[in-house]
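The lines below spell out each chain.
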Amino acid sequence: ARRGAEPGSAAGSQPLPAEGADTKTYLWARYHEMKKLVYDLLPPGVCNLLNPAAIYANNEISLGDVEIYGFDYDYTLAQYSNLLHSMIFNTARDILIEQFKYPEGLGKYDYIPGFAIRGLHYDVQKSLLMKIDAFHYVQLGTAYRGLKPVPDEEVIELYGGTQHIPLYQMSDFYGKGPSLKQFMDIFSLPEMTLLSSVIDYFITHGIEFDQVHLYKDISDAIRDVHVKGVMYKWIEKDLEQYILHGDEIYAVLNRLVNHKKKLFLITNSPFSFVDKGMKHMVGKNWRDLFDMVIVQADKPNFFTDRRKPFRKLDDKGSLQWDKINQLEKGKIYKEGNLFDFLRLTGWRGSKVLYFGDHLYSDLADLMLRHGWRTGAIVPELETEIRIINTEQYMHSLTWQQALTGLLERMQMYQDAESKQVLLEWMKERQEIRSLTKNLFNPQFGSIFRTFHNPTYFSRRLVRFSDIYMASISCLLNYDVNFTFYPRRTPLQHEAPLWMDQLCTGCMKTPFLEEMVHIR
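In the annotation of an unreviewed UniProt entry, the protein chain is listed under the name 5'-nucleotidase domain-containing protein 2 and assigned to Eudyptula minor.

As structure tokens, then:
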């Protein structure tokens, strides 16, 4: 970077219009040059670079150092079909009508697949469902009251003239604050859709409602579907229809055992439900694969509360009364706590790798308090990677990055004609941002990104998991001693080869042929 660069200009040599040339012509010339360069740098076949079945590393981890593998059950070992979401929605909706005496007109609402995404926040007092980024800002265009978007101006006004949400005042560590709730597990998709549908009904029919009571009623109705065992009965009656990829789960577990790894299971689900599902996926002798099985564990309290002792279950699932002084292979235990688990097994630190789908309930405490290695199961990853691999997404994103860099470096031109050009570019940039967002989800976009920042969900994913993947079966693609190395991703000051800098004159570009090989 040269000293004495003019204020507002990019570091390095910034070409200027020839003397006498109008800046409008110059700006559009740079625009078209950049568009051609972007096209040249994305030759045919550049797509399909990412593998949806890959495992992605946030932290360096060698599987060769892992001696003990732990698993959650729901949405970790057992992946469920989307039909389950409709069943949860319909049953909770009917509970609202029949038990909570909500209007019968709600019966006309059905589950809307693809309406919501995981990781959204809900402001109870304002009845707003929205996506928040890693810096606690609402992504404009992703705030919904009921089934309709709330104008950006109204969202900003609701939060005192800013997009910033004071999360630390409104929500606790587990995303369960009194006035702001984060929906982190996959089971929450029908809850968000039901919440939005009920609010839509009340607003459409001009019915006044209390936001706190409404949120609690819907949460209670959804909880009843789980706690009262309704959902378990559906799945048990038709395991073939609801459980996916069972044969792959057997292959993963059997492979680990054959390589002398110890396995354990900690789940909040009851034994009878887990037993039927595991017999379906793995076989009647599934318990022989596990050194420890703990059911109805009450995570995340299992990881933080020392008070609940373990209780043993017999083969029929009946509680035993004897005190637990050791955890025996092949036996089933209920409740308990991690501190007793560590004391009785000695399984501590980085030799343990635990997999779960819920970043808070499954992974956060294990990584932060106990030093276990953690793996996040993110089923949405498969779909998002397939979208990222499309030519439409690749070209849109690359052009958006380049156009952003051009805007940044050309803002020094402030005459009337130049300002008009810059406004046109800003409008085009916003259109491209909306287009790429809508490729993932028309309402809320990607679960991993706002327009340019990571989402709040994504930041937690990086913080609480060493590795993440679409499903446990991804382990089959790697040797049991494989080492995962996270890529060094550039910080803002470390990015001399970013597309926007390359395309907007911040660098010399005599080596374009070599750049073609950089993806």
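Still more to cover.
Trainee: I tried to follow the sheet that holds strand S15 (residues 352–356) on my own but got confused; where do I start?
Mentor: To summarise the sheet geometry, strands pair through backbone hydrogen bonds and adopt either a parallel or an antiparallel arrangement. Strand order in the open sheet made by the nine strands is S1-S17-S16-S15-S3-S11-S12-S14-S13, with mixed pairing throughout. In this open sheet, the two strands that pair with only one neighbour each are strand S1 (56–57) and strand S13 (310–313). Summarising the sheet, strand S12 (residues 292–295) and strand S14 (residues 332–335) pair through three bridges and their orientation is parallel. Following the sheet pairing, Val295 is matched in S14 by Lys334. Across the sheet, helix H12 (residues 338–345) lies against strand S11 (262–266), S12 and S13, angled at about 165° from S12, the strand it touches most.

Trainee: Just checking my understanding: could you explain the UniProt feature "binding site: GMP" (unreviewed entry) in the protein chain for this structure?
Mentor: Per the UniProt annotation, the sites labelled "binding site: GMP" (unreviewed entry) are Asp74. Apart from residues lying up to four places away in sequence, Asp74 is in contact with Tyr80, Phe187, Thr267, Ser269, Phe273 and Asp357. In this structure the side chain of Asp74 is engaged in a polar contact, spanning 2.5 Å, whose partner is the side chain of Tyr80.

Trainee: Which parts of the structure should I look at to understand the UniProt feature "active site" (unreviewed entry) in the protein chain?
Mentor: Per the UniProt record, the feature "active site" (unreviewed entry) sits at Asp72 and Asp74. Following the sequence through the fold, Asp72 ends up in the loop between strand S3 (68–71) and strand S4 (79–80). Tracing the sequence through the fold places Asp74 in the loop between S3 and S4.

Trainee: Would you mind going over the packing of aromatic side chains with me for this structure?
Mentor: The geometry of two aromatic rings is summed up by the distance between their centres and the angle between their planes. Under the counting rule described, the total for this entry stands at 39 aromatic pairs. Between the aromatic rings of Phe89 and Tyr111, the centroid separation amounts to 5.9 Å while the plane-to-plane angle is 55°, which identifies the pairing as tilted. With Phe89 in helix H2 (residues 83–98) and Tyr111 in the loop between H2 and strand S5 (121–123), this pair connects stretches of sequence that are 22 residues apart. Classification of Phe89 as buried rests on a relative accessible area of 0%. Looking at Tyr111, the relative accessible area reads 13%, which means it is buried.

Trainee: Would you mind showing me how to read the packing of helix H1 (residues 23–41) against helix H16 (residues 416–440) here?
Mentor: When two helices pack together, their arrangement is captured by the angle between the axes and the distance separating the axes. The geometry of H1 relative to H16 is characterised by a closest axis approach of 8 Å and an angle of 30° between their N-to-C directions. Between H1 and H16, the interaxial angle falls into the category roughly parallel. Between H1 and H16 the crossing geometry is right-handed. Each of Thr23, Lys24, Leu27, Trp28, Tyr31 and Lys35 in H1 lies in contact with H16, whose residues at this interface are Glu417, Ser418, Val421, Glu424, Trp425 and Glu428. By residue class, the composition of the contact of H1 with H16 is five nonpolar, two polar and five charged.

Trainee: Help me understand the pattern of salt bridges in this model?
Mentor: Oppositely charged side chains can form a pair if their charged atoms are brought close together. The final tally for this structure, using the stated rule, is 25 salt bridges. Residues Asp72 and Lys299 are paired through a salt bridge, measuring 2.9 Å at the closest nitrogen-oxygen approach. One end of the pair, Asp72, is in the loop between S3 and S4; the other, Lys299, is in the loop between S12 and helix H11 (301–304), with 227 residues separating them in the sequence. Classification of Lys299 by relative accessible area gives buried; the value is 7%. One salt bridge connects Lys228 with Asp224, and the closest N-O pair in it is separated by 3.8 Å.

Trainee: What am I meant to see in the sheet that holds strand S8 (residues 148–149) here?
Mentor: Strand order in the open sheet formed by five strands is S8-S7-S6-S5-S9, with antiparallel pairing between adjacent strands. For this open sheet the edge positions go to S8 and strand S9 (180–182), each flanked by a neighbour on one side alone.

Trainee: Please explain the packing of helix H6 (residues 211–227) against helix H7 (residues 230–237) as it appears in this structure.
Mentor: Contact geometry of H6 with H7 gives a least axis separation of 4 Å together with a crossing angle of 45°. As far as their axial angle goes, H7 and H6 are oblique. Contacts between H6 and H7 involve Asp224, Val225 and His226 on the former and, on the latter, Val230, Met231, Tyr232 and Trp234. Here the residues of the contact of H6 with H7 are counted per class, giving five nonpolar, one polar and one charged.

Trainee: I tried to follow the nonpolar core on my own but got confused; where do I start?
Mentor: One broad trend across soluble globular proteins is that nonpolar side chains are buried collectively. Grouped together as the largest cluster of nonpolar side chains are 135 residues, with contacts concentrated most on Phe71, Tyr73, Phe290 and Phe341. A total of eight residues in this core trace back to one element, the largest contributor, which is helix H5 (residues 188–204). What Phe341 contacts, discounting residues up to four positions off in sequence, is Phe264, Met292, Ile294, Phe302, Phe310, Leu327, Gly346, Trp347 and Trp372. Ranked by size, the runner-up nonpolar core spans 19 residues in total, among them Trp399, Tyr413, Val421 and Ile432.

Basis of the calculations
Residues numbered from 1 in each chain as written. Predicted model: local features only at pLDDT ≥ 70, side-chain atom pairs only at ≥ 80, totals over all residues. Heavy atoms only, no water. Pairing = 2+ DSSP bridges. Helix = DSSP H or I, 4+ residues; strand = E, 2+ residues; numbered from the N terminus. Contact = heavy atoms within 4.5 Å. Axes fitted to C-alpha atoms, helices over the stretch in contact; angles between N-to-C directions. UniProt positions renumbered as here; feature names shortened; annotations may be inferred. Polar contact = N/O pair within 3.5 Å; in protein donor to acceptor, adjacent residues only side chain to side chain. Phe/Tyr/Trp six-rings, centres within 6.5 Å; stacked < 30°, edge-to-face > 60°. Buried < 20%, exposed > 50% of the residue type's maximum accessible area, 1.4 Å probe, protein only. Parallel < 35°, antiparallel > 145°, perpendicular 65-115°, else oblique. Left-handed = near helix turned anticlockwise from the far one by under 90°. Nonpolar A, V, L, I, M, F, W, Y, C, P; charged D, E, K, R; others polar. Salt bridge = Lys/Arg side-chain N within 4 Å of Asp/Glu carboxyl O. Core = buried A, V, L, I, M, F, W, Y, C linked by side-chain atoms within 4.5 Å.

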